[in-house]
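Examining the three-dimensional arrangement
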Amino acid sequence: MRIPNDKMILGTLSAYFCIGLLQINVWAYDQGKPDPSPPNILLIYVDDLGYGDTGPYGNTMVETPNLDILSKHGMTFTQAYAPAPLCSPSRAALLTGKDVARVRFEFVTKYPEDEFTWDDPKWLDKFKGLPLVPPPYTLNLPLKEITLAEALKSQGYRTGLVGKWHVAAHNEVYKGWSLTHGPKQQGFDFTAETFGAHPYAKVGGERVPDGGYPVDELTEKSIEFINEEHDSPFFLMSSFYFVHTPLKKNIPWLYKKYKGKYPSGTREEVIHYAVNINIMDHYVGRIIKALERTGKSKNTIVIFTSDNGGHPEIADNGPFRGSKWNLYEGGIRVPMIMSWPAHIQEGSVCDQIVSQLDFMPTFMDLTASGNKSKDWDGVSLMPLLTGKGSYKTSRPLSWHFPYYHPEGENFFKSPSGIGTGDGFISQTRPHSAWREGDFKLIYFYEDDRAELYNLRDDPSESNEIGSERPQIKNGLLKNLQRHLSQVHARIPKRKER
């Protein structure tokens, strides 16, 4: 099933339940009796993919046949959220099950020399001409935090991570793995540090025959892990750098294909972006087909999702306002597809509010461990996945982004307004957000201002209704402020006059 961008859950009769739709099998999925043993878990985490960038979410320009198949065999979520509007905090939150305010990892990690204190003159100088001083960068996910890998290892899982880590600072290579705070130190048994075929690897120029794709080490290492003779269930996080910029531009046959599909006058970067989505889909398909080839797919839950919304200059963030770097829906509403043969209804669409924070409690439910933590900010998705039990439809979600973006002088060169499908990077100012049911509140720290939206009626957040619904606005603001206080959130400070 395709989910057209202009026909979202918000405003449909299916707003609060999951719909099962019968589909024709394309992969050789075995939909026999459920396997009672704990399942393998494959989490495919891609970078900067917009909500409307793929076929299952209504994109008719970019070909994503493998994601189309995954959607047909699984559940496609229309209201899935990343924990943050950019990569490092989303990954820190996903790994711990704690929202970014609680884990205190709200911006991207940097280099070790970028460790500052609130009153460091170098830190203050970064915000010259601005009224607030954000919290200093968090550089490393603390080793005391219990990660998904550590929690699953305690239940007998073998754990693996291939590709992007980006929750710790590296001395020389941006996005490189820390030697003291890397996956090996956070519970992962099998690890492979690689950029794969992404341009970050600073390799390329390889000739790819028509119809072919570059060899991707990230994909091959993921397949290597799957091919192992596992005597226990496994958890693999295939953490892609695609489709983050810079874009790969050296596959002529794909470029020619999309150049012909897009209207004359389409910006070159948009065409190259389509090529990169197609490349990403190919690699995802190879990993999933490895599960099929090894016979492991029957008892493996596959999760595909993105770490945040898409880049505003090139991505399709659907009908939503905003993009990567801000807390309007375009920055945090992401594609998410889950498949689990004989458990998840094939071709189903789920319109419930869910979050990547839910992975930790869900995975613990998958292991039947019963482990729970009062510090987890998610809930188990098992009732949605299996149809057994009840799910709290009005569960609240919060986001915290106490920073300015772009950084430095580029902030003042950027447009101030944030709209829908802008095509450019706007100014993002320190803000937090709270969603509860249909309503979402965004609070801005500079001027103590709150905006209220009804996402059922107004998914593009174009009609601010705070003055019309003051009780709801004040109630959500109190809930947000209470939560931030309870988790000891780092709030930007006003400069002394």
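Residues numbered from 1 in each chain as written. Predicted model: local features only at pLDDT ≥ 70, side-chain atom pairs only at ≥ 80, totals over all residues. Heavy atoms only, no water.

1. Regarding the pairing of strand β12 (residues 431-436)
When you tally the buried positions in β12, you get five out of six residues, the bulk of the element. Strand direction decides the pairing type here: strand β11 (residues 397-401) and β12, joined by five bridges, are antiparallel. By the bridge assignment, tryptophan 399 is partnered in β12 with alanine 433. Pairing of β12 with strand β13 (residues 439-444) involves six bridges; the strand directions are antiparallel. Within β13, the residue paired with glutamate 436 across the bridge is phenylalanine 439. In this structure, the hairpin formed by β12 and β13 is closed by a connection of two residues, where glycine 437 is found at a positive phi of approximately 65°. (Buried < 20%, exposed > 50% of the residue type's maximum accessible area, 1.4 Å probe, protein only. Helix = DSSP H or I, 4+ residues; strand = E, 2+ residues; numbered from the N terminus. Pairing = 2+ DSSP bridges.)

2. Observations regarding unusual backbone geometry
Trans peptide bonds make up the majority, and among non-glycine residues the majority have a negative phi. Of the consecutive residues phenylalanine 242 and valine 243, the connecting peptide bond is found in the cis state with omega at 15°. Examined against the element boundaries, valine 243 turns out to sit in the loop between β7 (234-239) and α7 (252-261). Here the bond from threonine 245 into proline 246 is cis, since omega is 0°, no more than 30 degrees from zero. Residue position: proline 246 is located in the loop between β7 and α7.

3. Looking at the pattern of salt bridges
Summed over all chains, the structure comprises 27 salt bridges. For aspartate 47, the salt bridge identified is with lysine 164, shortest N-O distance 2.5 Å. With aspartate 47 in the loop between β2 (40-46) and α1 (65-72) and lysine 164 in the loop between β5 (158-163) and β6 (190-192), this residue pair connects regions lying 117 residues apart in the sequence. Like aspartate 47, the residue lysine 164 is buried in the burial classification. Between glutamate 220 and arginine 286 there is a salt bridge; the shortest N-O distance is 2.7 Å. One end of the pair, glutamate 220, is in helix α6 (residues 217-227); the other, arginine 286, is in helix α8 (residues 268-294), with 66 residues separating them in the sequence. Given the relative accessible area of 32%, glutamate 220 is considered partly exposed. The exposure class of arginine 286 is partly exposed, given its relative accessible area of 32%. Among the ionic contacts, a cluster of salt bridges with common partners joins Asp47, Arg91, Lys164 and Asp307. (Salt bridge = Lys/Arg side-chain N within 4 Å of Asp/Glu carboxyl O.)

4. Structural notes on the side chain of serine 355
Positionally, serine 355 belongs in strand β10 (residues 348-355). Dropping the residues within four chain positions of it, serine 355 is found in contact with Tyr81, Arg395 and Leu397. (Contact = heavy atoms within 4.5 Å.)

5. Description of α7
Because an α-helix completes one turn every 3.6 residues, residues spaced three or four positions apart along the sequence face the same direction. The complete set of buried residues in α7 reads Trp253, Leu254 and Tyr258. In an axial view of α7, the angular spread of the buried residues amounts to 125°, which keeps them on one side of the axis. Away from its buried face by more than 90 degrees, α7 exposes Lys256 and Gly260. Packing partners of the buried residues in α7 comprise α8. (Arc of directions from axis to C-beta.)

6. Quick word on the packing of α1 against α8
Running from amino to carboxyl end, α1 crosses α8 at an angle of 50°, the nearest separation of the two axes being 7 Å. Classified by the interaxial angle, the pair formed by α1 and α8 is oblique. Two secondary-structure elements touch here, α1 through Pro65, Asn66, Leu67 and Leu70 and α8 through Met280, Asp281, His282, Val284, Gly285, Ile288 and Lys289. Class assignment for the residues of the contact of α1 with α8 results in six nonpolar, three polar and two charged. (Axes fitted to C-alpha atoms, helices over the stretch in contact; angles between N-to-C directions. Parallel < 35°, antiparallel > 145°, perpendicular 65-115°, else oblique. Nonpolar A, V, L, I, M, F, W, Y, C, P; charged D, E, K, R; others polar.)

7. A closer look at the sheet that holds strand β14 (residues 449-454)
Read from one edge of the open sheet, four strands run β11-β12-β13-β14, paired in antiparallel fashion. The open sheet has two free edges, formed respectively by β11 and β14, since each of these has just one partner strand. When the angles between neighbouring strand axes are averaged without regard to direction, this sheet yields 15°. Inspection of the sheet shows β13 paired to β14 by six bridges, in the antiparallel sense. What sits directly across from lysine 440, in β14, is tyrosine 453.

8. What to know about empty space enclosed by the protein
Tallied over the full model, the rule gives one cavity of 30 Å³ or more. Volume-wise, the largest cavity comes out at about 40 Å³. As for the largest cavity, its lining consists of Tyr81, Ala82, Pro83, Asp99, Ser355, Leu357, Leu397, Ser398 and Trp399. The element contributing the most residues to the lining of the largest cavity is β11, with three residues. (1 Å grid on protein atoms, 1.4 Å probe; cavity = no way out; pocket = protein on both sides within 12 Å on 5 of 7 lines; lining within 4 Å. Points joined across faces, edges and corners; volume = space filled by probe spheres on them.)

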